[in-house]
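# An overview of the molecular structure
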Protein chains: 2
Amino acid sequence: MHQWVVSFDAGSAADRELLGGKGANLAEMTGIGLPVPPGFTVTTEACRAFLAGSGDLPEGLLDQVHTAMGEIERRIGATFGDGQNPLLVSVRSGAKFSMPGMMDTILNLGLNDVTVEGLASRADPRFAWDCYRRLIQMFAKVVLNVESEHFESAIDDIKRKRGIILDYEIPVDALRLLVTDFKNIVRAHAGQDFPQDPYQQLRMAIEAVFLSWNNRRAVNYRIKNNIPHDLGTAVNVQSMVFGNLGPDSATGVAFTRNPSTGEPGIFGEFLVNAQGEDVVAGVRTPRPLAEMRDDPTFRDAYFELERIAKLLESHYRDMQDLEFTVQSRRLYMLQTRSGKRTGQAAVRIAVDMVAEGTVSRKEAVQRVEPSQVDQLLHPMIDPEYTPEVLAVGLPASPGAATGMVVFDADEAKHRGDAGERIILVRIETSPEDFHGMVAAQAVLTARGGMTSHAAVVARGMGKPCVAGCGALDIDYQAETINVAGRTITKQDYITIDGATGRVMLGEVPTINPQAGGILETLLGWADEFRQLGVRANADTPHDANVARSFGAAGIGLCRTEHMFFEGDRIQAMREMILASSAVERRAALDKLLPMQRSDFVGIFTEMDGFPVTIRTLDPPLHEFLPHTDHEIEQLADHLKISVAQVRLKVAALREANPMLGHRGCRLGISYPEITEMQARAILSAAVECAQRGITVHPEIMIPLVADHKELELQRAIVDSVAQEVFSESGTTVTYSVGTMIELPRAALTAGAIAAEAEFFSFGTNDLTQTTYGLSRDDAGRFLPYYVESGILPRDPFVTLDQDGVGELIRIAAERGRAVRPDIKLGICGEHGGDPESVAFCHRSGLDYVSCSPYRVPLARLAAAHAALGEMDRDR
Amino acid sequence: MHQWVVSFDAGSAADRELLGGKGANLAEMTGIGLPVPPGFTVTTEACRAFLAGSGDLPEGLLDQVHTAMGEIERRIGATFGDGQNPLLVSVRSGAKFSMPGMMDTILNLGLNDVTVEGLASRADPRFAWDCYRRLIQMFAKVVLNVESEHFESAIDDIKRKRGIILDYEIPVDALRLLVTDFKNIVRAHAGQDFPQDPYQQLRMAIEAVFLSWNNRRAVNYRIKNNIPHDLGTAVNVQSMVFGNLGPDSATGVAFTRNPSTGEPGIFGEFLVNAQGEDVVAGVRTPRPLAEMRDDPTFRDAYFELERIAKLLESHYRDMQDLEFTVQSRRLYMLQTRSGKRTGQAAVRIAVDMVAEGTVSRKEAVQRVEPSQVDQLLHPMIDPEYTPEVLAVGLPASPGAATGMVVFDADEAKHRGDAGERIILVRIETSPEDFHGMVAAQAVLTARGGMTSHAAVVARGMGKPCVAGCGALDIDYQAETINVAGRTITKQDYITIDGATGRVMLGEVPTINPQAGGILETLLGWADEFRQLGVRANADTPHDANVARSFGAAGIGLCRTEHMFFEGDRIQAMREMILASSAVERRAALDKLLPMQRSDFVGIFTEMDGFPVTIRTLDPPLHEFLPHTDHEIEQLADHLKISVAQVRLKVAALREANPMLGHRGCRLGISYPEITEMQARAILSAAVECAQRGITVHPEIMIPLVADHKELELQRAIVDSVAQEVFSESGTTVTYSVGTMIELPRAALTAGAIAAEAEFFSFGTNDLTQTTYGLSRDDAGRFLPYYVESGILPRDPFVTLDQDGVGELIRIAAERGRAVRPDIKLGICGEHGGDPESVAFCHRSGLDYVSCSPYRVPLARLAAAHAALGEMDRDR
């Protein structure tokens, strides 16, 4: 006969697969002698057999349940269904992975019209009848699908009739009547009576748990979290203990360390004379756990809990989340599991546990999720505070910030420079809003996805951003936002939380988590394990400095175009674009040269000793031109040409699909003098730094190459400028030339391209756009639905699509290395800061990832995780 | 000693590689006993050795030339450099492939101050001195790089001084003076004397021919035509015969059949008392060859020429292009080669030659270039006429047409319907111009490439189109075109030639080539050889009818969206788009359903027995919305909503990159009711046709799939509608569901997609755009330069890019077939009508190509070529 039932005495934590997480931990606790009420687990295997079968529980299961119940009866000294001394049990689901959506808990199972009297005679009649009405209500809801509201309204009726306010004030006679009402409700809505046979209750409860594995919420949750559908759930049947047996009973939850800060010492809350569901109902406010210690009634239980917490923590070698009940001063443990924690707590606990000798450095590194590190670097909404949420957009760049609403970049700059805290609110942003973003505390947009301009630039600056918040109706004319029935004006403060996407009214208190030295300790350990290099995307000396302080070993992407938006440069840039001949164009470029050069000197100086990858001009030229009448007039005036001419040029440069237009190296091929100027700025800056004793490794990156000939031509320009600069200055520096791989054709023809390229940097933002045929600026209209409904497992602009984009990366890496075995391979898209994507880069054998400066810590940790994961697999 | 020199007696046509085309044919003619002046060929091998060496001719070459010259002297009875009876020779280049740009010809070599007197004494002094001055001029130009203009101005001086109009009126004394002047010019500009030593002349001429192999024009030509650079050229040295020896001498060219029409019988022209260059100079007008027959002096030579023409044609088994000279009534053959011919002639000659038993059907099929077939289906500019060309754009859709200029689609429709011939001129066209294009004779645009909207739609309609003619400055307000210093108004007629891209002023006469039955005969033979199926892209019953008449075996792409632009449908479409709920949307869709249904009934009826692939809605919805104020007001009025609401919707649907936006199956996923309506229209039409006895094979194609789940969802809708329709009607038809492969990700994940798809149709237009990251609407700004400068070998929107896009097709075909071995694979991009791309599809094992109806004949022939080419290679 197959074993469908495993007693808590027989299992262990290693049986998670068979017993589910909850059952395995109850068995483990039982095994190490902790006060766990006796019980048993019906296995996940039984669930699978039941779901695969014709609707009956597998053969032998009920017999085994009977036997196991007999064992509990023997241990407790009470009998299931006995009229004098009835055994009551709880039934709880417990799958391998914690999973909301399944049937959760039924308490007090075993009560019926007869046993309730037995319980009443042994304990307290009010308590007994309250237990019974709770059982009927819970059982009806989760087993018989009767809506709770029917029961709630029956309770309300009674309370109204008797003038009672709180549930626990209902007297016993009323509870008796209520039980009768409840049974009638069951009959009316379920078409059957509440079962009086305790074993029938138990069988029905087990079946209901099994069936709930396939309810919609559970299925959707599994889809979303990549949990296989064929695992099944276990059922835990455990003898009841009662935290509501009187003033010397209680129920509570505890963490073995503070889950917010990581501070050592148990932390939690408890409720006197209550069952678990009362805590959830929120009618009474639980008290902090520390007060248990100061209460003579519970002091012993507290110290016992503290002892058990230490024991469990060292047993599981991790911070635990515990459920307990005190029945008549005696402590019982009902659950233990690894405790959820904030990023700050995760780092502190991991580092502390290494110091305590509990875990190794490797384990400490693995214990902290890369995404948790991100929390540590940005202010967050005070978790104690419940703000008024107006709308939720995309969590585009983490951190919380408060400020007054501003709709215009110039005004943002003006007011920001004047010291005001402001939040720039735009339908969408463009490079022209850059100075406004710099001056703002945070950025909020109504359109655009996780890799929209606003999102990318904000992440680059480490500034909070909520993007694509479609619920905002922004009116630039009126300078208002209409949202959730309110009108927000320029006088109003709002707060945004870039980690969750929330947009909130007013000033919401934020806290600045401080990890400091502890985080650097952990990341230092991570660095010992990782193989991937981590660089940063940085466009200015300031960004480079930030990147280096976060541990970036080089710059993987320096976008030269952002430099052109600063100060007077945009004017020179526009002169260049409007030039009517190569001679005029060169004259304008000559003005830009010293500006670019000085930027590069600054960046090389900051990155002394590290490589710096600089991309030549990439965006289409129309991005640099003015679009408002006023700006166009100003420009015409400045250039002494007619407004019509400027308009004509603006119109002529307009593109149907700018993403696929005249940009990247196509510009450098149409206007070789632009590449020439940029190469000269980079290389002469490198020479100047080298002469000052700074170690420079410039890597010149040609963007948007589709064919090897494009790279060949651009490379020839760079090489020839290099020869000129070196012979003019008498100083030679080593530089390399490579390309972005950001078009499918570049990946497919990577062999030919590698003949010309010393490095490839995968520009996965654009590669995702072209591989999917998906504009990140327009995807907001349908991509969220795609992800919600599971058509795509995740937003491919956030987590690299391994089947499509990843396949191209593998093809390119293979073909590139076949031609040039020592070619350097990196990634510089937004994916460089996404843990799952970093793991992919590790597996694909790339040399480095490059991400926003503020994501460098995360990437360092993710790279270590990837390497350690592989080590563990290989073992 | 290596043999560098081959006498005409020793070679044959098979030695083309070694002797070049001209030399090999001269040897062949010599071998079959034709009157070829004796001579020899310096081999291509000698050229290669010379170019690889240090600047000297290979060892032994000059000795062999001496020996060969001795042989000629012996045969002619004259001696090279002899003062009394000098032998004169011509020197001509001749590579394996005919190649403009190389040094061509030097005549009369061997003349000097001494031999000229000998020639004068034997022939005529004026003739001799004219030959000498011609030699100096030609030699100086091609060997010594002296500009011709110096000599021309010396001739002009003499003529002016003496009051002479025509060159051949210059008397002998003046010619003598001219020779002195010419020699001075040589000394002054070449820094050396004209060489008096005939062997030095010969050596220098041979070296000059060799060196001209690497001059820029020749190199560029080879790059453009994929001719290897290491072939080298041969040099032909041949004893002179003189067509300018008097009134019984002549020179001429002849074709063995009419190269314009293919009519049998020799055809050509001749010039009495002239040398070849006179024909080229165009000073005197040559006379039709037939007049030779009627001229007693040349009658014998004519009949001899006729006999030789027949002989050569049956010898070479192809129509020949001949050069001949009559010297004192005696005919000499100077060249034979396969003759260039029009498409009409090519078809007629091929078919006639099969009837005559000269060539096999297979050879006949191979003799006609697919692109030549295209000419036969469209009117062309009368080749006799020299029009005034205003500008040249892209040859976007072949055919010539004349009409008055119209700038607005509505006006075009109005006037076109009224019977006026008009040409629609737009900066670029959009779907809203469709009705105007239908009414116009032809379409002309200033922007957009070979696959712009105008080009694609015009080709689909078989209507001439010149696209992307950037020289046109179109002013919609003024209703004028400014071009080439002229202003064209609405009163002006223009003519466009879509085969060459020419835009011409006024009415230019056109001719309608008639191939008819002959073409169908040839294509019937082609069908016997080809393996690829050929279908057409057709959106209406009319197009389907045309396609079928051209031999399409099915429709490979029926775009449902074009149907929505007709008549009132656009109104219903707009209602659908502006609907504020799924209920309203369904109501609008219900109006569209019967319209779509009746279209499909018409198309299925036309294509009885053949498969019809119908694509569900593809373009972004904003393409259907109005954009002018007036139209927006009309729509608001019609829908009884505010203008602001319409504007808001238009603005909301605007996209940054519509090509990568909310389109294709993304629409069907956002609005499943659209796919439902379309599936219902298709399947109920199929049922209706089946009930009428028509054989239907509907293939429903889901566009822009990036992930297999999208197809899964859309397919589920189609299948469920099919069940409904079949059970409602009691009739079941077989249908299949498949997808366009038009995104790189679809190609890469073709395995997963094939699990859901019964067919793949490669949408190579969009696949090219995404693989290259290149918008076809915007590529006009740089793609032409890319092609001109050789960065890309050809426009990838015209000829499929085999390295990138082709690689994705191979990957998709392989992965798709691995999962579903019988999956049907086709291509429906514009490349389906390009011969080279069709050959690629054949090699890649696709099942069919689909192209515009007017390209079907071309594709049938190209597919046969591809199959025969493979047969030949395999042999």
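Residues numbered from 1 in each chain as written. Chains lettered and ligands numbered in written order. Predicted model: local features only at pLDDT ≥ 70, side-chain atom pairs only at ≥ 80, totals over all residues. Heavy atoms only, no water.

### Describing the overall build of chain A
Within chain A, the regular secondary structure consists of 35 helices and 33 strands. By residue count, 59% of the 875 residues in chain A fall in the buried class. Long-range pairs, those at least 24 residues apart, make up 69% of the contacts in chain A between residues at least 6 apart in sequence. On chain A, the mean spot of the 86 positive side-chain charges and the mean spot of the 117 negative ones are 2 Å from each other. (Helix = DSSP H or I, 4+ residues; strand = E, 2+ residues; numbered from the N terminus. Buried < 20%, exposed > 50% of the residue type's maximum accessible area, 1.4 Å probe, protein only. Contact = heavy atoms within 4.5 Å. Lys, Arg positive; Asp, Glu negative; His and termini not counted. Charge placed at Lys NZ, Arg CZ, Asp CG, Glu CD.)

### Details of the packing of aromatic side chains
Inspection of the entire model under this criterion finds 29 aromatic pairs over all chains. Measuring from centroid to centroid gives 5.0 Å for Phe80(B) and Tyr199(B), while their planes differ by 85°, and the two rings are edge-to-face. Remark: Tyr199(B) occurs in helix H8 (residues 198–212) and Phe80(B) occurs in strand S3 (residues 79–80); sequence separation between them is 119 residues. An aromatic cluster of three or more residues is present, and its members are Trp129(A), Tyr132(A), Phe139(A) and Phe194(A). (Phe/Tyr/Trp six-rings, centres within 6.5 Å; stacked < 30°, edge-to-face > 60°.)

### Digging into the relation of the copies chain A and chain B
The transform that puts chain A on chain B rotates by 179° and translates by 0.0 Å along the axis, for an RMSD of 0.2 Å. Both copies of the chain, as the preceding transformation shows, are related through a two-fold rotation axis. Identified as the residue of chain A closest to the rotation axis by C-alpha distance is Asn657(A), at 2.1 Å. Of the interface residues in chain A, 100% have counterparts in chain B that sit at the interface too, so the contact is made through matching surfaces. (Least-squares fit on C-alpha atoms with pLDDT ≥ 70 in both.)

### Brief notes about helix H3 (residues 61–76) of chain A
Each α-helix winds once per 3.6 residues, and so residues spaced three or four apart point in a common direction. Residues and elements named next belong to chain A. For H3, with 16 residues, the first-to-last C-alpha span of 22 Å sits near the 22 Å given by 1.5 Å per residue. Within H3, the full set of buried residues consists of Leu61, Gln64, Val65, Ala68, Met69, Ile72 and Glu73. Positioned one or two residues after H3, Gly77 has a phi angle of 80°, which is positive. (Expected span 1.5 Å × (residues − 1).)

### Some thoughts on the interface of chain A and chain B
One frequently used descriptor of interface size is the decrease in accessible area upon assembly of the parts. In this complex, chain A contributes 51 residues to the contact, which on the side of chain B involves 51 residues. Counting each side, the surface lost to burial between chain A and chain B is near 4200 Å², with a carbon and sulfur contribution of 54%. Contact with chain B buries area across many residues of chain A, yet Leu660(A), Arg745(A) and Arg781(A) alone supply 16% of it, more than any other trio. Put simply, chain A and chain B have 8 salt bridges between them. For the salt bridge of Glu428(B) with Arg654(A), the shortest nitrogen-to-oxygen distance reads 4.0 Å. Inspection of the chain A/chain B interface yields 33 residue pairs in polar contact (both at pLDDT 80 or more). Those elements that place two or more of their residues in the side of chain A that touches chain B are helix H25 (643–653), helix H26 (665–670), helix H28 (708–729), helix H29 (744–748), helix H31 (764–772), helix H32 (783–788) and helix H33 (805–819) of chain A. (Buried area = accessible area lost by both parts, 1.4 Å probe. Salt bridge = Lys/Arg side-chain N within 4 Å of Asp/Glu carboxyl O. Polar contact = N/O pair within 3.5 Å; in protein donor to acceptor, adjacent residues only side chain to side chain.)

### A look at the pattern of salt bridges
Residues and elements named next belong to chain B. Taken as a whole and assessed by the stated rule, the structure comprises 124 salt bridges over all chains. Note that Arg569 and Asp599 form a salt bridge whose closest N and O atoms lie 2.4 Å from each other. Here the residue Arg569 occupies a position in helix H22 (residues 569–578), and Asp599 occupies one in helix H23 (residues 582–606), the gap between them amounting to 30 residues. Judged by relative accessible area, Arg569 falls into the buried class, the value being 12%.

### A short note on the confidence of the model for chain A
Residues with a pLDDT of 70 or more make up 98% of chain A, whose mean pLDDT is 91. The ipTM assigned to the predicted complex is 0.81, against a pTM of 0.81. (pLDDT = per-residue confidence, 0-100.)

### So, the sheet that holds strand S11 (residues 320–327) of chain A
Residue and element names in this part refer to chain A. Read from one edge to the other, the open sheet built from 5 strands follows the order S10-S9-S8-S11-S12, with strand pairing classed as antiparallel. Of all the strands in the sheet, just strand S10 (287–288) and strand S12 (330–338) have a single pairing partner and so form its edges. Strand direction decides the pairing type here: strand S9 (residues 264–272) and S10, joined by 2 bridges, are antiparallel. Note on S10: the bridge partner recorded for Glu269 is Pro288. (Pairing = 2+ DSSP bridges.)

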